[in-house]
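Architecture at a glance
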Protein chains: 2
Amino acid sequence: MKRFGFPVAARVLVFVASMLLVAQASSQTDPLPSWNDGAAKKAIVEFVQSTTTQGNPKFVPAEERVATFDQDGTLWVEHPIYTQIMYVLERVPALVKAKPELAKVAPYSTVLELLKGDRAAMEKLTEADLMKLLAVTSTGMPVDVFREEAKKWMAEAKHPRWKKPYTELTYLPMQEVLKYLRANGYKTYIVTGGGQDFVRAYAEATYGVPPEQVVGTAGGTTYGYTKDGKPFLTKDPKLLLNNNNAGKPEGIHLMIGRRPYLAVGNSTGDRQMLEYTKGGDGARLSMLVLHDDAKREYAYGPAKGLPASKVGTFTQALYDEATKNGWIVISMKDDWKKIFAFE
Amino acid sequence: MKRFGFPVAARVLVFVASMLLVAQASSQTDPLPSWNDGAAKKAIVEFVQSTTTQGNPKFVPAEERVATFDQDGTLWVEHPIYTQIMYVLERVPALVKAKPELAKVAPYSTVLELLKGDRAAMEKLTEADLMKLLAVTSTGMPVDVFREEAKKWMAEAKHPRWKKPYTELTYLPMQEVLKYLRANGYKTYIVTGGGQDFVRAYAEATYGVPPEQVVGTAGGTTYGYTKDGKPFLTKDPKLLLNNNNAGKPEGIHLMIGRRPYLAVGNSTGDRQMLEYTKGGDGARLSMLVLHDDAKREYAYGPAKGLPASKVGTFTQALYDEATKNGWIVISMKDDWKKIFAFE
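Residues numbered from 1 in each chain as written. Chains lettered and ligands numbered in written order. Predicted model: local features only at pLDDT ≥ 70, side-chain atom pairs only at ≥ 80, totals over all residues. Heavy atoms only, no water.

Thoughts on the overall build of chain A
The line we're drawing: Under the scheme used here, helices are H or I runs from DSSP no shorter than 4 residues and strands are E runs no shorter than 2 residues, and both carry numbers assigned from the N terminus. Note on exposure labels: buried denotes an accessible area under 20% of the residue type's maximum, exposed denotes more than 50%, and partly exposed covers the range between, all computed with a 1.4 Å probe on protein chains only. Throughout, a residue-residue contact means that at least one pair of heavy atoms, one from each residue, lies within 4.5 Å. Residue-level accessible areas treat just the shown protein chains as cover; the underlying method is Shrake-Rupley with a 1.4 Å probe.
Looking only at helices and strands, chain A has 13 helices and seven strands in total. In chain A, which comprises 343 residues, the proportion classed as buried is 52%. Considering only contacts in chain A between residues 6 or more positions apart, those separated by 24 or more positions represent 65%. Summed over all atoms, the accessible surface of chain A reaches about 15,700 Å², with 57% contributed by carbon and sulfur.

Right under this line is the structure:
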């Protein structure tokens with residue numbers, strides 16, 4: 001053994017020991033235990049195995065392994081109302097407290113009725129109202145203040161049906177997919193129509209997705225200084241990126257600069273991202289989450305005979321495109337053994 | 001030894017062997033061999049050691065380790081003219097070949113004179129001319145086509161002074177800093193006033209910085225389909241992000257969402273990024289590269305008695321701000337033992 005110096009011996013030991021660990025890991029159990037056996041699970045496992053096995057014709061180099069996930073309705077519950085809309089509405093009482101004259105002015109008055117339990121008031125709020133409320137509650141403050149406010153709300157707010165924090169209403173099977181992909185060298189991104197800064201406030205703790213891997217609808221910021229000369233950024237109402245529909249592939253190019261190999265969505269707002277992903281060369285996997293489990297979650301969308309709801313945007317045309325283009329449709333009812341970790 | 005199963009034994013072997021490698025690595029030599037001993041080198045090494053040592057009051061958790069670097073003049077040569085401007089100018093003959101009537105029209109005619117060697121023609125080109133040429137040469141095509149054109153040019157073009165590819169004119173001491181930071185868990189970003197797509201075309205091969213870690217001046221894109229239905233993105237002339245001056249911290253927030261712990265620049269266009277970085281809590285290091293080596297590279301900027309040139313934008317005010325705020329000024333002449341790898 002004298003021929004080999006100490007460092008060489010150490011390297012050999014690392015190599016041999018690593019191989020033992022690899023052998024042990026590969027004999028381990030199912031990376032997707034909350035999934036029932038079926039086409040969806042099979043497609044995910046085959047995708048990961050083929051794109052990460054050296055020598056496989058579908059092999060994807062580590063630096064190109066990008067996977068993008070819509071958030072609302074794909075990673076967590078989006079019914080009866082988007083979480084961020086709830087955030088905006090629940091900021092209104094504090095606004096009215098600061099400026100009591102707003103209490104009698106629409107849309108603030110409408111929101112107050114809604115929060116008192118008058119669900120019909122929701123119908124009165126137009127998209128323009130919501131945009132106005134979004135600007136008033138989510139811009140004009142330093143980015144750090146907005147993040148802390150959003151974090152605080154997220155820690156306290158509860159979903160009306162489950163009476164649990166929204167961050168516990170993530171889909172366990174999708175959390176498993178995120179972890180499985182990361183364990184295989186994929187960078188997992190959230191690509192959401194929701195506000196980028198809002199989602200960043202909780203994505204790292206909730207999904208293990210860091211701020212720099214959240215692509216969302218984004219406004220500008222303005223650089224300035226505090227009175228004592230400290231530089232900071234203020235959130236602007238000016239829209240930079242509407243990260244919905246064609247905005248999703250455009251946002252992906254702006255923020256990532258690579259075409260994803262895997263993408264998951266659940267609505268027409270994800271259509272172009274799923275097309276763009278599937279349209280690349282080599283192995284590409286596009287998937288749609290179908291909400292068809294009225295008992296354990298919600299049922300909306302036209303497939304499998306379910307009526308299209310006003311909120312759901314899983315249209316027949318989207319389902320047809322999925323079938324035609326080889327996207328995988330994930331049935332929450334049939335493919336998911338468990339939906340939430342707390343079940 | 002029978003008490004320990006195979007996997008446990010393997011883990012012990014990995015641990016012991018890793019410790020041997022660590023011991024070997026820490027006895028290894030200087031991570032910054034192209035730097036002379038001095039305040040700049042000392043500041044970098046102290047920053048890295050203190051922010052990555054558990055228990056040190058300046059410790060920074062791994063996920064927050066973000067370092068941002070300007071490119072032109074900070075990571076590679078920017079004289080006598082920005083590389084991307086050379087790209088734009090050298091695209092003109094092909095444009096004129098496709099549309100011969102342009103040969104007699106300004107600014108195309110001016111560029112043709114310039115490329116024939118009439119350096120005075122450069123003075124005739126206004127910023128509006130350059131913007132027009134940029135739009136004509138760098139938008140209107142699919143993003144993939146632009147990337148391939150930029151890559152091809154970069155492989156063939158040569159710097160007028162050294163007659164070498166631009167990608168060989170990176171500063172070896174800065175390449176060492178990039179590697180040293182990455183080896184210590186920092187994510188290294190390029191934050192450039194140059195075009196994001198242009199810099200992405202070569203940043204991975206040149207600096208080990210992947211596309212998703214290049215933040216630059218960015219235009220929009222438009223989603224569309226080829227005749228046979230393949231989705232793709234076309235580069236738009238519409239400006240989304242002017243990544244200069246205050247645009248740098250704004251771009252950092254948009255694309256990264258974290259305040260950097262270390263930033264390096266070399267001009268007034270980097271001022272706000274350096275302020276924003278240094279203005280954060282805890283250990284923060286802002287640095288300015290001073291071009292004061294006329295012999296080995298170029299001398300421009302007002303410090304150390306050098307005259308401000310028309311191209312250089314290292315002003316006296318910037319130097320004063322550096323001194324006042326505790327930014328480190330890197331003297332190319334004094335701090336860098338070697339400037340280029342080929343020396």
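Let's talk about the side chain of A:Glu78
Residue and element names in this part refer to chain A. What counts here: For this analysis, a polar contact is any N or O atom pair within 3.5 Å, provided that within protein one partner can donate a hydrogen and the other can accept it, and provided that sequence-adjacent residues contribute only side-chain to side-chain pairs.
Note on placement: Glu78 falls in the loop between β1 (66-69) and α3 (83-98). Within the local environment of Glu78, its side chain forms a polar contact with the side chain of Tyr300, the two groups lying 2.6 Å apart. Excluding residues within four positions of it along the chain, Glu78 makes contact with Asp72, Gly73, Tyr171, Asn266, His291 and Tyr300.

Quick notes on the packing of helix α3 (residues 83-98) of chain B against helix α7 (residues 143-156) of chain B
Residues and elements named next belong to chain B. Heads up, the condition is: Every axis corresponds to a line fitted to the C-alpha atoms, with the helix fit spanning only the stretch in contact, and the corresponding angles, defined between N-to-C directions, vary from 0 to 180 degrees. The scheme is simple: roughly parallel for angles under 35 degrees, roughly antiparallel for over 145, roughly perpendicular for 65 to 115, oblique for anything else. Throughout, the ten residues Ala, Val, Leu, Ile, Met, Phe, Trp, Tyr, Cys and Pro are labelled nonpolar, Asp, Glu, Lys and Arg are labelled charged, and all others, Gly among them, are labelled polar.
Viewed as axis vectors pointing N to C, α3 and α7 meet at an angle of 100°, and their least axial separation amounts to 11 Å. It follows that α3 is roughly perpendicular to α7 by the angle criterion. Residues Thr83, Met86, Tyr87, Glu90 and Arg91 of α3 lie in contact with α7, whose contacting residues are Phe146, Glu149, Ala150, Trp153 and Met154. Of the residues contributing to the contact of α3 with α7, the split by class is six nonpolar, one polar and three charged.

Some points on helix α8 (residues 172-183) of chain B
Residue and element names in this part refer to chain B. The condition that has to hold: Under the convention used throughout, the expected extent of a helix is 1.5 Å for every residue step, that is, one less than its residue count.
For α8, spanning twelve residues, the distance from its first C-alpha to its last is 16 Å, which sits close to the expected 16 Å at 1.5 Å a residue. Looking at α8, one finds that the buried residues are Leu172, Pro173, Met174, Gln175, Glu176, Val177, Leu178, Tyr180 and Leu181. Residues of α8 that are buried make contact with α2 (39-51), β1 (66-69), β2 (187-195), α9 (196-207) and β5 (262-265).

Quick look at the packing of α7(B) against α9(B)
All names here are of chain B. Stated precisely, the cut-off is as follows: Crossing handedness is defined as follows: a turn of the near helix away from the far one that is anticlockwise and smaller than a right angle gives a left-handed crossing, while the clockwise case is right-handed.
Between α7 and α9, whose axes approach to 9 Å, the crossing angle comes to 60°. As judged from the angle between their axes, α7 and α9 are oblique. Along this stretch, α7 crosses α9, giving a crossing that reads as right-handed. Contacts between α7 and α9 involve Phe146, Arg147, Ala150, Lys151, Trp153 and Met154 from the former and Asp197, Phe198, Ala201 and Tyr202 from the latter. Residue composition of the contact of α7 with α9, by class: seven nonpolar, no polar and three charged.

Observations regarding the sheet that holds strand β7 (residues 328-331) of chain B
All names here are of chain B. Condition: Two strands are said to pair when DSSP picks up at least two bridges between them.
The sheet built from seven strands is open, its strands ordered β4-β3-β2-β1-β5-β6-β7 with mixed pairing. The outermost strands of the open sheet, each flanked by one partner alone, are β4 (231-241) and β7. Across the sheet, the mean angle separating the axes of adjacent strands is 35° when strand polarity is ignored. Pairing of β1 with β2 involves four bridges; the strand directions are parallel. Across the sheet, the residue bridging to Val66 is Lys187, located in β2. Most of the contacts of α8 go to β1, to which it runs at about 165°, and overall it touches β1, β2 and β5.

A short note on the pattern of salt bridges
Charged atoms that come close allow side chains of opposite charge to pair. Residues and elements named next belong to chain B. Just so we agree on the cut-off: Salt bridges, as used here, are contacts in which a Lys or Arg side-chain nitrogen is within 4 Å of a carboxyl oxygen on Asp or Glu.
Summed over all chains, the structure comprises 36 salt bridges over all chains. Put simply, Glu113 and Lys124 hold a salt bridge, and the shortest N to O gap is 3.3 Å. Here Lys124 lies in helix α5 (residues 121-124) and Glu113 lies in helix α4 (residues 108-115), a separation of eleven residues in the sequence. Residues Asp293 and Arg296 are paired through a salt bridge, measuring 2.7 Å at the closest nitrogen-oxygen approach.

Section: unusual backbone geometry
All names here are of chain A. Cis geometry is found at the peptide bond from His79 to Pro80, where omega equals 0°. Residue placement: Pro80 occurs in the loop between β1 and α3. Each neighbour pair has its own omega, and for Ala106 with Pro107 the value is 5°, a cis peptide bond. Checked against the element boundaries, Pro107 lands in the loop between α3 and α4 (108-115). In this structure, Lys163 takes a positive phi of about 55° despite not being glycine. Look at Lys163 and you get exposed, because its relative accessible area is 59%. With phi around 55°, Asn245 is a residue other than glycine that occupies positive phi space. With respect to the helices and strands, Asn245 occurs in the loop between β4 (231-241) and α10 (247-255). Assessed through its relative accessible area of 36%, Asn245 is described here as partly exposed.

Concerning the sheet that holds β4(A)
All names here are of chain A. Strand order across the open sheet formed by seven strands is β4-β3-β2-β1-β5-β6-β7, with mixed pairing between neighbours. In this open sheet, the two strands that pair with only one neighbour each are β4 and β7 (328-331). On average, adjacent strands in this sheet sit at an angle of 35° to one another, irrespective of strand direction.

Some words on α3(A)
Residue and element names in this part refer to chain A. Cut-off, in case you're wondering: Two axes are fitted around each residue, one to the seven residues ending there and one to the seven starting there, and the angle between them is reported as the bend at that residue.
Counted at 1.5 Å a residue, the expected span for α3 with its 16 residues is 22 Å, and the 24 Å between its end C-alpha atoms agrees. If you look at α3, its biggest bend is around 25°, right at Val92, and the proline Pro93 turns up within four residues after that. The elements touched by buried residues of α3 are α4, α5 (121-124), α6 (127-138), α7 (143-156), β2 (187-195) and α9 (196-207).

So, the packing of aromatic side chains
All names here are of chain A. For clarity, the threshold we go by: For Phe, Tyr and Trp, where Trp contributes only its six-membered ring, two rings pair if their centres lie within 6.5 Å, and the inter-plane angle classes them as stacked under 30 degrees, edge-to-face over 60, or tilted in between. Two thresholds decide whether a charge sits over a ring: the Lys NZ or Arg CZ must be within 6 Å of the ring centre and within 35 degrees of the ring normal.
The tally for this structure, following the rule as stated, stands at 34 aromatic pairs over all chains. An angle of 75° between the planes, with centres 5.8 Å apart, marks the rings of Trp35 and Trp336 as edge-to-face. Pair noted here: Trp35 is in the loop between α1 (6-26) and α2 (39-51) and Trp336 is in the segment after α13 (332-335), with a separation of 301 residues, a long-range link. As far as the burial class goes, Trp35 and Trp336 line up, both buried. Put simply, the rings of Trp76, Tyr87, Phe146, Trp153, Tyr166, Phe198, Tyr202 and Tyr207 pair up and form one aromatic cluster. Here the guanidinium or amino end of Arg161 rests over the ring plane of Tyr298, the centre of that ring lying 5.0 Å away.

Let's talk about the confidence of the model for chain A
Residues and elements named next belong to chain A. Put simply, the rule is: Values of pLDDT, the confidence the predictor places in each residue, fall between 0 and 100.
This prediction gives chain A a mean pLDDT of 90; 89% of its residues lie at or above 70. Between residues 1-6, whose pLDDT stays under 50, and residues either more than four places distant or in other chains, the model counts one contact. At the level of chain-chain contacts, confidence expressed as ipTM amounts to 0.90, with global pTM at 0.90.

Some remarks on the side chain of A:Ser34
Within the secondary structure, A:Ser34 is located in the loop between α1 and α2. The contact partners of A:Ser34, leaving out residues within four places of it in the chain, are A:Leu172, A:Pro173, A:Glu176, A:Asp335, A:Trp336, A:Lys337 and A:Lys338.

Some points on the environment of A:Gly301
Residue and element names in this part refer to chain A. Among the secondary structure elements, Gly301 is positioned in the loop between β6 (285-290) and α12 (316-325). Gly301 gets classed as buried once you look at its relative accessible area, which sits at 1%. Note: C-alpha distance between Gly301 and Gly265 (36 residues apart in sequence) is 13 Å.

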